[in-house]
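# Structural features, examined
One letter stands for each residue in the lines below.
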Amino acid sequence: MNRRGKYIAFEGWEASGKSTQARLLSQRLDAVLTREPGGTALGLAIRDLLLGNGPAPTERAEALLFAADRAQHLAEIVEPALAEGRDVITDRSYGSTLAYQGYGRGQSIEELMRLVEWTSGGLLPDLVVLLTVAVDTADDRLGDQRDRMESEDSDFATRVIEGFTALAEADPDRWVVVDGAGSIEEVAARVAKVAGLP
């Protein structure tokens, strides 16, 4: 019987290095690499609705669209891979819903957590790696071409970053905080350490 795989999520504000570090760790672990939103065909369509140039969703609609993406993502990608014994690395997970739609948009954390639990059926990452960078550093990395979330103002960014910090402090058994400043190699070494790799 195969062991159940390990489920690791990368979280953080825009341009914190999540995608790069998720890819590097997935290569090191020979893990399934995926993302939210957009890890499935349905998710790609939802991602375009959420981040593209079309009509902006209301705050509740935004939370529900992210939840729909997550439900499809877990059923189609994450759960089957874990059941086969594969490790799964995801660029974003439930923490982004709580940080962006909760702390950022001002929606109820308790209500959003109930939505997360219903959407996931209780399947949450075993480890959440929160990459932290200063807002001005992220701003420099982003450049001029930005999606809907990346275009939010610095006050929104600050609320989201503070939200991520609060989530990590509230669940230290699941969340670890990694300094996202420095070279890609330096950050990768920090990530490997918290993931228990040599």
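Higher on the page you've got the structure.
Residues numbered from 1 in each chain as written. Predicted model: local features only at pLDDT ≥ 70, side-chain atom pairs only at ≥ 80, totals over all residues. Heavy atoms only, no water.

### A few points about unusual backbone geometry
- A cis geometry characterises the amide bond from Glu-36 onward to Pro-37, with omega recorded as -10°.
- Not every positive phi belongs to a glycine, and Asp-30 is a case in point at roughly 50°.
- Looking at the element boundaries, Asp-30 is found in the loop between helix H1 (18-29) and strand S2 (32-35).
- The class for Asp-30 is exposed, based on a relative accessible area of 58%.
- A positive phi angle is found at Arg-92, which is not glycine, with a value near 85°. (Helix = DSSP H or I, 4+ residues; strand = E, 2+ residues; numbered from the N terminus. Buried < 20%, exposed > 50% of the residue type's maximum accessible area, 1.4 Å probe, protein only.)

### Regarding the environment of Trp-13
- For Trp-13, the location among the structural elements is in the loop between strand S1 (7-11) and H1.
- Taking the C-alpha atoms as reference, Trp-13 lies 7.8 Å from Ala-138; in sequence the two are 125 residues apart.
- Other than its neighbours up to four places away in sequence, Trp-13 contacts Lys-18, Arg-92, Tyr-100, Ala-138, Met-149, Phe-156, Ala-157, Val-160, Ile-161 and Phe-164. (Contact = heavy atoms within 4.5 Å.)

### Some words on the packing of aromatic side chains
- Taken as a whole and judged by the stated rule, the model has 6 aromatic pairs.
- Ring pairing ties together the aromatic residues Trp-13, Tyr-94, Tyr-100, Phe-156, Phe-164 and Trp-175, which thus form one cluster. (Phe/Tyr/Trp six-rings, centres within 6.5 Å; stacked < 30°, edge-to-face > 60°.)

### Quick look at the packing of helix H3 (residues 59-83) against helix H5 (residues 109-120)
- Look at H3 against H5: their axes get within 9 Å of each other, and the N-to-C directions meet at 30°. Comparing their axes, H5 and H3 come out roughly parallel. The handedness of the crossing between H3 and H5 comes out as right-handed. The residues of H5 that touch H3, namely those facing Arg-60, Ala-63, Leu-64, Ala-67, Arg-70, Ala-71, Leu-74 and Glu-79, are Glu-111, Leu-112, Leu-115, Val-116, Thr-119 and Ser-120.
- Along the lines of polarity and charge, the residues of the contact of H3 with H5 split into 8 nonpolar, 2 polar and 4 charged. (Axes fitted to C-alpha atoms, helices over the stretch in contact; angles between N-to-C directions. Parallel < 35°, antiparallel > 145°, perpendicular 65-115°, else oblique. Left-handed = near helix turned anticlockwise from the far one by under 90°. Nonpolar A, V, L, I, M, F, W, Y, C, P; charged D, E, K, R; others polar.)

### Regarding the pairing of strand S4 (residues 127-132)
- Extensive coverage of S4 is indicated by the burial of 5 of its 6 residues.
- Where S1 meets S4, 4 bridges bridge the pair, whose relative direction is parallel. In the sheet register, Phe-10 faces S4, and the bridge partner there is Val-129.
- Note: S4 against strand S5 (residues 175-179), 5 bridges, orientation parallel. Each residue of the ladder has a partner; that of Thr-132, found in S5, is Asp-179. (Pairing = 2+ DSSP bridges.)

### Focus: the sheet that holds S4
- With parallel pairing, 5 strands are arranged side by side in an open sheet as S2-S3-S1-S4-S5. A strand with exactly one partner marks an edge of an open sheet, and here the two such strands are S2 and S5. The average angle at which neighbouring strand axes cross in this sheet is 20°, direction not considered.
- Those strands touched by helix H4 (residues 94-104) are S1, S4 and S5, and its axis lies near 25° from that of S1.

### Notes on the side chain of Glu-14
- Relative to the assigned elements, Glu-14 resides in the loop between S1 and H1.
- For Glu-14, the side chain forms a polar contact with the side chain of Arg-92, separated by 3.3 Å. (Polar contact = N/O pair within 3.5 Å; in protein donor to acceptor, adjacent residues only side chain to side chain.)

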